[in-house]
Amino acid sequence: MRFGIIGAGPIASNISNKLIENGHDVKIADARGIERLEGKNLSGTPVSVEDVITNIEVLIISIPFQALRTLRNVIEKVGEEVIVLDTSNYYPYRDNKIEEIEHGLVESIWVSNQLGRPIIKAFNNLLAYTLEYKGTPEGTSGRIAIAIAGDNQSHKQVTMNVVNELGFDPVDSGSLNDSWRQQPGTPAYCTELTKAELIEALQKANKEKAPIHRDKVLEKLSSATGGYSHQDIVNLNREIYNS
């Protein structure tokens, strides 16, 4: 398949690497300009934002949440047949408070409104380390699962196939309006769950508690002395998001 990726951070880079390992064609762009890609160890073909949206089947957007609103003019030129995936998560300390979200609007609905088209929410409920190192073949015992939300069932099915190919069990988490169940602060978020566990976690999600739990984890991580490991983060998420 032909993929375009906007973003060159850890999640975007890992997705690009895995797609190319599986024989896909990948172009990668930085929303701030192609010069931002110079010197980066990328497996995809560096192109401009204008070029990254041409002749593709799937567009993956993996940039900071607040920056998504700057892409509207670009996304308006993307063909309707192209699947648009968003991997972002809202963190008010980093993205500045967005009043609509603070008052209950689902993060992915806000993103869809900013981009002016429907999206699929995927690859947002796992850490970059998990994506890079913990993918396993289909059927492996204890295989980690990824939640996928969206309103277009055919687009969602393609995304689920890609997730499976990259080493993770896909879980249909419902409509885009249901995607709050995989937002930061929920039991499904960055807790490295199996398919059965993730399905249960999505059902256990509490929309009101999620922002409180999200901020509690950040507070604990920022106050940690001596740093913290990947497993420390997963364990902390499991502890707090299930409380």
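Coordinates for the structure precede this section.
Values in this document were obtained by computation on a predicted structure and should not be read as measured data.

(A) Spotlight on the environment of alanine 201. Within the element layout of this structure, alanine 201 appears in helix H9 (residues 195–204). Sequence spacing of alanine 201 and arginine 214 is 13 residues, and the spatial spacing of their C-alpha atoms is 15 Å. Ignoring anything within four residues of it in the chain, the contact list for alanine 201 reads Pro187, Ala188 and Leu193.

(B) Fine view of the packing of aromatic side chains. This model, assessed by the stated rule, comprises five aromatic pairs. Plain terms: the ring middles of phenylalanine 65 and tryptophan 110 are 4.9 Å apart, the flat faces sit at 20° to each other, and that makes the pair stacked. Of this pair, phenylalanine 65 sits in the loop between strand S4 (58–61) and helix H3 (72–75) while tryptophan 110 sits in helix H6 (residues 107–115); the two residues are 45 residues apart in sequence, bridging distant segments of the chain. An identical accessibility class is assigned to phenylalanine 65 and tryptophan 110; each is buried. With a centroid separation of 6.1 Å and 70° between ring planes, the pair formed by tyrosine 91 and tyrosine 93 is classed as edge-to-face. When its relative accessible area of 62% is taken as the criterion, tyrosine 93 is described as exposed.

(C) Region of the structure containing the sheet that holds strand S8 (residues 169–172). Sheet architecture is open: eight strands sit in the order S3-S2-S1-S4-S5-S6-S7-S8, paired in mixed fashion. A strand with exactly one partner marks an edge of an open sheet, and here the two such strands are strand S3 (45–46) and S8. Summarising the sheet, strand S1 (residues 2–6) and S4 pair through four bridges and their orientation is parallel. Note on S4: the bridge partner recorded for glycine 4 is leucine 59.

(D) Here's a closer look at the environment of glutamine 153. Take glutamine 153: it is sitting in helix H8 (residues 153–165). Remark: the alpha-carbon pair of glutamine 153 and isoleucine 109, spanning 44 residues in sequence, is separated by 17 Å. At a separation of 3.4 Å, a polar atom in the side chain of glutamine 153 contacts the side chain of aspartate 172.

(E) Helix H1 (residues 10–21), seen in detail. The terminal C-alpha atoms of H1, which comprises 12 residues, lie 16 Å apart, in line with the 16 Å expected from a rise of 1.5 Å per residue. Residues of H1 that are buried in the fold lie against S1, strand S2 (25–29), S4, helix H7 (128–133) and H8. Two residues or fewer past H1, glycine 23 is found with a positive phi of approximately 90°.

(F) The arrangement of the pairing of S8 in detail. Pairing of strand S7 (residues 145–150) with S8 involves four bridges; the strand directions are parallel. Looking at the pairing, isoleucine 148 lines up with aspartate 172 of S8.

(G) Layout of the side chain of aspartate 95. For aspartate 95, the location among the structural elements is in helix H4 (residues 92–95). Given the relative accessible area of 1%, aspartate 95 is considered buried. Within the local environment of aspartate 95, its side chain forms a polar contact with the side chain of arginine 94, the two groups lying 3.0 Å apart. If near-sequence neighbours (up to four positions away) are discounted, aspartate 95 is found in contact with Pro64, Phe65, Gln66, Asn89 and Tyr90.

What counts and how
Residues numbered from 1 in each chain as written. Predicted model: local features only at pLDDT ≥ 70, side-chain atom pairs only at ≥ 80, totals over all residues. Heavy atoms only, no water. Helix = DSSP H or I, 4+ residues; strand = E, 2+ residues; numbered from the N terminus. Contact = heavy atoms within 4.5 Å. Phe/Tyr/Trp six-rings, centres within 6.5 Å; stacked < 30°, edge-to-face > 60°. Buried < 20%, exposed > 50% of the residue type's maximum accessible area, 1.4 Å probe, protein only. Pairing = 2+ DSSP bridges. Polar contact = N/O pair within 3.5 Å; in protein donor to acceptor, adjacent residues only side chain to side chain. Expected span 1.5 Å × (residues − 1).

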